[in-house]
Amino acid sequence: MSLQFISSTEHTADTAGLVLANDADAHTAALDNVQRIDLHFPKFTDGRAFSQAFILRRRGFTGDIRAHGDVLIDQLVQIQRSGFSSVVLRDDQNVEHGKKLLSHYKSFYQGDAIHPQPHFAKEAV
């Protein structure tokens, strides 16, 4: 799954399907007819949204999970691997540089939210 970059202007104009607070339990969120879930990073050091996205993907949610708030390009690989499909970067972050960072790694040894099977297990099949 490729990470989609959304401008803050586009994000503001969008209507969200479901906005989960950082302290909301992603295990119990009602997902019926939800196309998009917004998860907020109040500070770049607050990683609860990573866990929420991962849980939502494990529950089978296939719609858009969007990261927004204090999101830095340094977090993009982890954002993508934990199940986010779109991101709104902080205004001072360079989107083009972020895209380059995502292209540094062609594959990963461990599984993630989208491809849970680890690399060594794929090779053994």
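Worth saying up front: this structure is predicted, and the values here are computed from it rather than measured.

(A) Region of the structure containing the overall build of the protein. A tally of regular secondary structure across the protein gives five helices and five strands. Burial statistics for the protein: of 125 residues in total, 41% are counted as buried. On the protein, roughly 7300 Å² of surface is accessible, and the fraction owed to carbon and sulfur atoms is 52%.

(B) Region of the structure containing the packing of aromatic side chains. The final tally for this structure, using the stated rule, is two aromatic pairs. With centroids separated by 5.0 Å and ring planes inclined at 70°, the aromatic side chains of Phe41 and Phe50 adopt a geometry described as edge-to-face. Phe41 gets classed as buried once you look at its relative accessible area, which sits at 0%. Centroid distance Phe41 to Phe84: 5.9 Å. Interplanar angle 40°. Geometry classified as tilted. With Phe41 in strand β3 (residues 36-41) and Phe84 in the loop between α3 (76-81) and β5 (86-87), this pair connects stretches of sequence that are 43 residues apart. Each member of the pair, Phe41 as well as Phe84, is classed as buried. A network of ring pairs unites the aromatic residues Phe41, Phe50 and Phe84 as a single cluster.

(C) The arrangement of the nonpolar core in detail. In terms of nonpolar packing, the biggest core is built from 25 residues, with Leu39, Leu56, Leu76, Ile79, Phe84 and Val87 touching the most fellow members. Contributing elements (two or more residues each) for this core: β3, α2 (48-58), β4 (64-69) and α3. Take this core: its biggest share by element is four residues, from α2. Apart from residues lying up to four places away in sequence, Ile79 is in contact with Leu3, Phe41, Phe50, Ala67, Val71, Phe84 and Val87.

(D) Main features of the confidence of the model for the protein. On average, residues of the protein carry a pLDDT of 85, and 80% of them reach 70 or more. Per-element mean pLDDT across the protein ranges from 61 in helix α5 (residues 119-124) up to 96 in β5.

(E) Fine view of unusual backbone geometry. Phi is positive for Asn33, close to 60°, though the residue is something other than glycine. You can see Asn33 is positioned in the loop between β2 (18-20) and β3.

(F) Representation of the sheet that holds β2 within the structure. Taking strand neighbours across the sheet as the criterion, the five strands line up as β1-β5-β4-β3-β2 in an open arrangement whose pairing is parallel. Each edge of the sheet is formed by a strand with only one pairing partner; in this case those strands are β1 (4-5) and β2. Where β3 and β4 come together, six bridges link them in parallel fashion. Bridge pairing links His40 to His68 in β4. Lying on the sheet, α2 is in contact with β2, β3 and β4; it crosses β3 at an angle near 160°.

(G) Spotlight on the environment of Arg59. Within the secondary structure, Arg59 sits in the loop between α2 and β4. Judged by its relative accessible area of 36%, Arg59 falls in the partly exposed class. C-alpha of Arg59 to C-alpha of Leu31: the two residues are 28 residues apart in sequence and 9.5 Å apart in space. Discounting residues that sit within four places of it in the chain, Arg59 has contacts with Ala26, His27, Thr28, Ala29 and Leu31. From its side chain, Arg59 meets the backbone oxygen of Ala26 in a polar contact 2.7 Å long. A distance of 3.4 Å separates a polar side-chain atom of Arg59 from the backbone oxygen of His27.

What counts, and where the lines are drawn
- Residues numbered from 1 in each chain as written.
- Predicted model: local features only at pLDDT ≥ 70, side-chain atom pairs only at ≥ 80, totals over all residues.
- Heavy atoms only, no water.
- Helix = DSSP H or I, 4+ residues; strand = E, 2+ residues; numbered from the N terminus.
- Buried < 20%, exposed > 50% of the residue type's maximum accessible area, 1.4 Å probe, protein only.
- Areas by Shrake-Rupley, 256 points an atom, 1.4 Å probe, with all protein chains shown as cover.
- Phe/Tyr/Trp six-rings, centres within 6.5 Å; stacked < 30°, edge-to-face > 60°.
- Core = buried A, V, L, I, M, F, W, Y, C linked by side-chain atoms within 4.5 Å.
- Contact = heavy atoms within 4.5 Å.
- pLDDT = per-residue confidence, 0-100.
- Pairing = 2+ DSSP bridges.
- Axes fitted to C-alpha atoms, helices over the stretch in contact; angles between N-to-C directions.
- Polar contact = N/O pair within 3.5 Å; in protein donor to acceptor, adjacent residues only side chain to side chain.

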